[in-house]
Amino acid sequence: MLLEIQDICKIYRRGKVKANDKISLSVSNGEVFGLLGPNGAGKTTLVNQIIGLAKPTSGSIHINGVDAVANPGYARQMCSFQAQAQAPIVGLTPPQAIELAGRIHGGKKSNVQRRTRELIELLQLDEWNKTIGMDATGGVRRLVSFCMTVVVPGDIVILDEPTNDIDPLRRRLLWQEVRSVAEKGSAVLLVTHNVLEAERVVGRLALIDNGRVMGMGTPAELKTEENGSMRIELIIEPGKEIPELPDFLLNTISLNRRIISRIEQENVPSALELARELKNNEIIEEFSLSPTTLEDVYVKIVGHLEDDESAGVIN
Ligand SMILES: Nc1ncnc2c1ncn2[C@@H]1O[C@H](COP(=O)(O)OP(=O)(O)O)[C@@H](O)[C@H]1O
Ligand SMILES: [Mg+2]
């Protein structure tokens, strides 16, 4: 394994916060590994320890068998890192910033120039090619940071929430490039609170909440633990109240007009009957019944979805 993390605990002394609580995981070459969890789960704390920006309270991190905590210089040499916090890119155009990053990471000039053009084309960034001082939007700046991270990728590529503020089209382009970086041999650690992203991009993932690993495996493996369950989604008519729901709707959450519940197989007929009745009475606009998704697993473990203030657990 290229990256091995064992029993990492990180306690912030003053805050008495246990940000990481015995986290163990390993990532190998060619793999996109997801760290998925809500804000405050401890994801950034974990990646900061890999590259020596924070020191573990206990536990060990090895890269290629080398103790990364004792040798932060080695860790940084092996890792390319895109921080969650936006670094200002002052006075440079995107191609200049990406090329500079590539050269700093030891790339040959001609290779770096070719790869810069390739990334700009892949992520459709050409229209900002001449924008100096990054007068561009946060999304464009984050894309440029991403390019700076993968222009000459290290053996380990760590991306902390790389798709924040990015439009859906370019998000997909970025996911493609993340996979291609792994296919070329790097181990990619992708930190995200976006379930859809995790489901589409990662090979394996760890679901983290309150500093602890709550589930680990491929998206399919995590969903298998929910085998036999189905999900029903009801879309409430605009302006209608959420109706009282029967007990066989489990782990129900509401997201604006969406109501999502888990149901056991034997209750599928009753759920369908309920949904039809609600639709006939024009309380819901539409409904759908489908197999469990990673989102359902996440909601069951974490209790809520991120990115939506109005999200709440009903039962
Ligand atoms: N430098 C710090 N000092 C004290 N507490 C911190 C520090 N950094 C993070 N924390 C706390 O640790 C927990 C995990 O934070 P973080 O790793 O940033 O989570 P995530 O990246 O999953 O959103 C949070 O409760 C956060 O407030
Ligand atoms: Mg974070």
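Keep in mind the model is a prediction, meaning the values are calculated, not measured.

**Some words on the site of ligand 1**
Argument step 1. Near ligand 1, the surroundings consist of twelve residues, among which Tyr12, Ala19, Lys43, Thr44 and Thr45 are the closest.
Argument step 2. If you tally residues by element for the shell around ligand 1, the top one is helix α1 (residues 43-50), at three residues.
Argument step 3. Its residues placed into classes, the shell around ligand 1 shows four nonpolar, seven polar and one charged.

**Some points on the sheet that holds strand β7 (residues 156-160)**
Argument step 1. Read across the sheet, six strands follow the order β6-β7-β8-β3-β9-β10 without closing on themselves; strand pairing throughout is mixed. In this open sheet, the two edge strands, each paired with only one partner strand, are β6 (79-82) and β10 (212-217). Across the sheet, the axes of successive neighbouring strands diverge by a mean angle of 15 degrees, strand direction being ignored.
Argument step 2. Two elements, β6 and β7, share four bridges in a ladder whose sense is parallel. Note that in β7 the partner of Phe81 across the bridge is Ile158.
Argument step 3. Across the face of the sheet, helix α5 (residues 138-150) comes into contact with β6 and β7 while running at roughly 180 degrees to β6.

**Brief notes about the nonpolar core**
Argument step 1. Cys147, Val188, Leu189 and Leu190 are the most contacted members of the largest nonpolar core, which totals 78 residues.
Argument step 2. Ranked by the residues each element gives to this core, the list is headed by α5, at seven residues.
Argument step 3. Per-domain counts for this core show at least three residues from each of domain 1 (3-222) and domain 2 (226-313).
Argument step 4. Leave out the neighbours within four places in its chain, and Val188 touches Glu31, Val32, Phe33, Val157, Leu159, Val178, Val181 and Ala182.

**Remarks on the domain arrangement of the protein**
Argument step 1. Splitting the protein by domain gives domain 1 (3-222) and domain 2 (226-313).
Argument step 2. Inter-centroid distance (C-alpha atoms) of domain 1 to domain 2 is 34 Å.
Argument step 3. Each partner contributes to the interface: domain 1 provides twelve residues, whereas domain 2 provides seven residues.
Argument step 4. Breaking the side of domain 1 that touches domain 2 down by element, the ones donating at least two residues are α7 (195-201), β9 (204-209), β10 and α8 (219-224).
Argument step 5. Counting residues per element, the side of domain 1 that touches domain 2 draws most heavily on α7, which supplies three residues.
Argument step 6. A breakdown of the residues in the side of domain 1 that touches domain 2 according to their chemical character gives seven nonpolar, three polar and two charged.

**Brief notes about the environment of Ser58**
Argument step 1. With respect to the helices and strands, the residue Ser58 is situated in strand β4 (residues 58-63).
Argument step 2. On the basis of neighbour counts, which here come to 12 C-beta atoms within 10 Å, the residue Ser58 falls in the exposed class.
Argument step 3. Note: C-alpha distance between Ser58 and Ile5 (53 residues apart in sequence) is 11 Å.
Argument step 4. Not counting residues up to four positions away in its chain, the partners in contact with Ser58 are Asp7 and Cys9.

**Observations concerning the packing of helix α3 (residues 94-104) against α5**
If you want to describe how two helices pack, look at the angle between their axes and the distance between the axes.
Argument step 1. Taken N-terminus to C-terminus, the directions of α3 and α5 make an angle of 30 degrees; their axes are 8 Å apart at the nearest point. Overall, the two elements α3 and α5 adopt an arrangement that is roughly parallel. For the pair α3 and α5, the crossing hand works out as right-handed. On α5, the residues touching Pro94, Ala97, Ile98 and Ala101 of α3 are Val144, Cys147 and Met148.

**Brief notes about the sheet that holds strand β2 (residues 17-27)**
Argument step 1. Spatially, β2-β1-β4-β5 is the arrangement adopted by the four strands of the open sheet, whose pairing is antiparallel. Looking at which strands have only one partner, the edges of the open sheet turn out to be β2 and β5 (66-67).

**Here we look at the packing of α5 against helix α6 (residues 168-183)**
Argument step 1. Interhelical geometry of α5 versus α6 gives an angle of 10 degrees and a closest axis separation of 12 Å. Accordingly, the angle class assigned to the pair α5 and α6 is roughly parallel. Here Leu143, Phe146 and Val150 of α5 come into contact with α6, specifically with Arg170, Leu174, Glu177 and Val181.
Argument step 2. When grouped by side-chain class, the residues that make up the contact of α5 with α6 number five nonpolar, no polar and two charged.

The rules behind these values
- Each residue is numbered by its place in its chain's sequence as written, counting from 1.
- Going through the entries in the order they are written, you letter the chains from A and number the ligands from 1.
- For a predicted model such as this one, the threshold for reporting local features is a pLDDT of at least 70, and the threshold for listing and counting side-chain atom pairs is 80 or more; totals across whole chains, interfaces and linings nevertheless cover every residue.
- Each residue gets a C-beta atom placed from its backbone. Should that atom fall within 6 Å of a molecule or strand, the residue is termed near it.
- For helices the rule is a DSSP run of H or I covering at least 4 residues; for strands it is a run of E covering at least 2, with both sets numbered from the N terminus onward.
- Three categories are distinguished: nonpolar for Ala, Val, Leu, Ile, Met, Phe, Trp, Tyr, Cys and Pro, charged for Asp, Glu, Lys and Arg, and polar for the others, with Gly belonging to the last.
- Here, a strand pair is defined by DSSP locating no fewer than two bridges between the strands.
- Angles here are taken between N-to-C directions and fall from 0 to 180 degrees, while the axes themselves are lines fitted to C-alpha atoms, restricted in helices to the stretch in contact.
- Contact between residues is assigned whenever the C-beta positions, reconstructed from backbone atoms, fall within 7 Å.
- By definition, a nonpolar core groups buried Ala, Val, Leu, Ile, Met, Phe, Trp, Tyr and Cys residues that connect through C-beta atoms lying within 7 Å of each other.
- Whether a residue is buried, exposed or partly exposed is read from the other C-beta atoms within 10 Å of its own C-beta, which are placed from the backbone; 20 or more gives buried, 12 or fewer gives exposed, and intermediate counts give partly exposed.
- Annotation comment: domain bounds sourced from an automatic or database domain assignment.
- For classification, angles of less than 35 degrees are called roughly parallel, those exceeding 145 degrees roughly antiparallel, those between 65 and 115 degrees roughly perpendicular, and all remaining angles oblique.
- Note: crossing handedness is left-handed where the near helix turns anticlockwise from the far helix by less than a right angle, and right-handed where it turns clockwise.

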